[in-house]
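Coordinates in review
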Amino acid sequence: MQTIDDTMQRSLRAFDDYRITTPQARAVFLETIAANIEALGDALIEQASKETNLPAARLTGERGRTTMQLRMFAEMLREGSWVEASVDTAIPDKNPAKPDLRKMLVPLGPVVVFGASNFPFAYSTAGGDTASALAAGCPVVVKAHPAHLQTSVMVAGAIARAIETCGMPKDVFGHVTDGSFESGKYLVEHAATAAVGFTGSFKGGKALYDYAAARKNPIPVFSEMGSTNPVLFLPDTIRQNGQALARQYAASITLGMGQFCTNPGLLIAMQGEGLSVFLQSLETEIAAVVPAKMLHEGIHKAYYEKMEAALKEKGVSLVSRSSRQPETMEALPAVATVAAKTFLNDPLLHEEVFGPYSLLVQCAGIEEMKAVWKSLAGQLTTTLMGTDTDFSEHRSLLDLAPSIAGRIVFNGVPTGVEVCPSMVHGGPFPACTDSRFTAVGNGAVKRWVRPVCYQNCPDSMLPDALKDANPLGIWRLFNNTVGKR
Ligand code: NAP
């Protein structure tokens, strides 16, 4: 652990210099990382494909998303209002006198990021957690995911070159390649660590959260731990569009062999003629899906264990499976079904099966659909499929939805997470350990900062964001009025 200790100590020292870099300097740094990742060219894609079994086209898209994220945070830094600067000038003749008060967000300190196995670029070494923490002014130490270690080493090299070119503190980025739970625990418990970002299993994310909570000085852990992403098929749409819905959902369930935290793992619908058409079409669609290799052996093994355990539960029956026999490391796409009454009394069926599997819960009526929906633990997404008639007849569902998930999708699929200011990729526990934040989009930066108030601070001593003249030209709340004052 000597090397990790050294990495964390150096990260903490780098914080002093990095926290006072200008937003413009950090923006150029993030853009340089993006350019350096692009400069790695096909060699990076080939390495990632070799390690993860993901096809080159998917990885090329993911690399584009990763460099776009870095540039998005650079843009956010230049625009500047993300620091939420607020100024309340003094009122000396008030009784008692009101002091001059100014508030803004400041970086927390070194952030430890656990690379995610299912996004070797976008949620790993230079992914969303790293980009947002570096934007906030926090040094980052990444624990590389062992399933794509060499890919991580290549991206870490791109970051190291950007540090040099941009004259950033040498240790603003650290890379831990020792793949063991002990090193992960040590990183979370290290006194220099100020916050943690994680995407992965519930077991892993909750363990890191518990280590952090047990520290002498607890720190925030933002674990994104997945979800079953329940989809409600309302009666009118199922009656009218059964076949089209089955095609759309078979594609979403099996996209990337189901290895997305937004995979629709739970379908909820009402019994009836429409549902029979939907089921028949789903059977055909799933049977036609060709199995493909999963990310790593652990995920492959966990998929079969969890799917087989779910299929063995009383009352669960298989609707369809791929007609092609899977080969080594390949996943078997499958859909099963169960009656709502059985589902409500069987906690095992509520658990995520990470892979191309989904469970259709059949309900007797809309009230039972609601009961199933309400029985679920916190989710990243929930989806409502319905016609205008459905939505006007079941308006109360819309009021309920925000208590279930962080993102509510209408007439679409939950897979595919846009990166933009309005995105929420988070949700009530156990989808996330802190439902107040998002792991995707500009808002992700808010996980790594805290507010500080300056009282009666001389103008010359204030950070630029709070100075009288507003030299950064950012939007501020000035004496309760929003503007560029
Ligand atoms: P994982 O097991 O949660 O591991 C992710 C990272 O956390 C790894 O670096 C791992 O360390 C570390 N870790 C896990 N448990 C730990 C503990 N108790 N103490 C310290 N460190 C710990 O995720 P995975 O390897 O990617 O896949 C396993 C399962 O996670 C999948 O089958 C799936 O169910 C789930 N998963 C979910 C998502 C999602 O988006 N929600 C994404 C990927 C995977 P090591 O480096 O030592 O292994």
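Residues numbered from 1 in each chain as written. Predicted model: local features only at pLDDT ≥ 70, side-chain atom pairs only at ≥ 80, totals over all residues. Heavy atoms only, no water.

Take the packing of helix H9 (residues 235-254) against helix H10 (residues 273-287) next. Look at H9 against H10: their axes get within 8 Å of each other, and the N-to-C directions meet at 30°. By the angle class used here, H9 and H10 are roughly parallel. Our pair here, H9 against H10, has a crossing hand that is right-handed. Touching Ile 238, Arg 239, Gly 242, Gln 243, Leu 245, Ala 246, Arg 247, Ala 250 and Thr 254 of H9 are Gly 274, Leu 275, Val 277, Phe 278, Ser 281, Leu 282, Glu 285 and Ile 286, all from H10. (Axes fitted to C-alpha atoms, helices over the stretch in contact; angles between N-to-C directions. Helix = DSSP H or I, 4+ residues; strand = E, 2+ residues; numbered from the N terminus. Parallel < 35°, antiparallel > 145°, perpendicular 65-115°, else oblique. Left-handed = near helix turned anticlockwise from the far one by under 90°. Contact = heavy atoms within 4.5 Å.)

Relative to the helices and strands, Tyr 209 resides in helix H8 (residues 202-213). Of the residues examined, Tyr 209 reaches a relative accessible area of 34% and is grouped as partly exposed. Taking the C-alpha atoms as reference points, Tyr 209 and Phe 222, 13 residues apart in sequence, are found 7.9 Å from one another. With residues near it in sequence (within four places) discarded, Tyr 209 still touches Val 221 and Thr 433. (Buried < 20%, exposed > 50% of the residue type's maximum accessible area, 1.4 Å probe, protein only.)

The next subject is the domain arrangement of the protein chain. Segmenting the protein chain into domains produces domain 1 (2-225 + 435-483) and domain 2 (236-410). Distance from the C-alpha centre of domain 1 to the C-alpha centre of domain 2: 35 Å. The partner domain 2 presents 12 residues to the 12 residues of domain 1 that form the contact. Across the domain 1/domain 2 interface, buried area totals approximately 860 Å², and carbon plus sulfur atoms make up 59% of it. The largest contributions to the domain 1 side of the interface with domain 2 come from Asn 53, Asn 118 and Glu 224, which together make up 48% of the buried area. Joining domain 1 to domain 2, the criterion identifies zero salt bridges. The interface formed by domain 1 and domain 2 includes two residue pairs in polar contact (both at pLDDT 80 or more). Along the lines of polarity and charge, the residues of the side of domain 1 that touches domain 2 split into four nonpolar, five polar and three charged. (Domains from an automatic or database assignment. Buried area = accessible area lost by both parts, 1.4 Å probe. Salt bridge = Lys/Arg side-chain N within 4 Å of Asp/Glu carboxyl O. Polar contact = N/O pair within 3.5 Å; in protein donor to acceptor, adjacent residues only side chain to side chain. Nonpolar A, V, L, I, M, F, W, Y, C, P; charged D, E, K, R; others polar.)

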